[in-house]
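Structural features, examined
So the chains spell out like this:
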Amino acid sequence: MARRFPLAGLLRLRHAEQDRAAAALATANERVRDAADARIAARRNLAGAEGSQPIQDAATLSAVAAARAATRGMLEELDAVARTRRADADRAQDDYNAARRSALGLEKLEVQHDEQQAAEDLRTEQNALDEIAARSRAEGGAR
């Protein structure tokens, strides 16, 4: 009878770590997409605001300039947020890769263990068959 893989519990733990890392990676990638969408929307807003209002006096010109400056500041902040989220996503990818490598190494060990156990089972079965055949020859020749 085949022995159970002795590191099965550790393999389950590695798979759980891999699943957690995959979930963290998915969340980080979603945050990167959200930041990119916000940047695109802000850039469209800035581009759409240009030339849409007739400037009648210096106060209007000053207000438009202030709004554009604020929007550019917001774009710079969104760029910083996007860089931070990209770095977070890169770390999450690294964590996932490390968790996957750990699980993969144990999976390979499990496959080797299963192959060794199957070979051992076949040897045991073959030895039993050989013993039965030898006994029947010995009993058949003694009559």
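Read on for an overview of the structure. Everything numeric in this text was worked out from a predicted model, so none of it was measured.

Right, let's talk about the nonpolar core for a bit. In terms of nonpolar packing, the biggest core is built from 5 residues, these being L25, A28, V32, A89 and A92. For this core, the secondary-structure elements that each account for two or more residues are α1 (8-49) and α2 (58-142). If you tally residues by element for this core, the top one is α1, at 3 residues. Not counting chain neighbours up to four residues away, the residues in contact with A89 comprise L25, A28, N29 and V32.

The final tally for this structure, using the stated rule, is 7 salt bridges. The partner of E107 in a salt bridge is R100, and the shortest N-O contact between them spans 3.3 Å. Judged by its relative accessible area of 21%, E107 is partly exposed. The exposure class assigned to R100 is partly exposed, which follows from its relative accessible area of 27%. Connected via shared salt-bridge partners are R39, R43 and D79.

Quick look at the environment of R43 now. Here R43 shows up in helix α1. Its relative accessible area of 41% is what places R43 among the partly exposed residues. Put simply, R43 and L75 are 32 residues apart on the chain and 7.3 Å apart in space, counted from C-alpha to C-alpha.

Looking at the secondary structure, you find H113 in helix α2. Aside from chain neighbours lying at most four places away, what touches H113 is R3, R4, F5 and P6.

So, about the side chain of D79. Counting through the fold element by element, D79 comes out in helix α2. Those residues in contact with D79 that lie beyond four places of it in its chain are R39 and R43.

Basis of the calculations
Residues numbered from 1 in each chain as written. Predicted model: local features only at pLDDT ≥ 70, side-chain atom pairs only at ≥ 80, totals over all residues. Heavy atoms only, no water. Core = buried A, V, L, I, M, F, W, Y, C linked by side-chain atoms within 4.5 Å. Buried < 20%, exposed > 50% of the residue type's maximum accessible area, 1.4 Å probe, protein only. Helix = DSSP H or I, 4+ residues; strand = E, 2+ residues; numbered from the N terminus. Contact = heavy atoms within 4.5 Å. Salt bridge = Lys/Arg side-chain N within 4 Å of Asp/Glu carboxyl O.

From the geometry alone we can't say anything about function, so treat these as descriptive.
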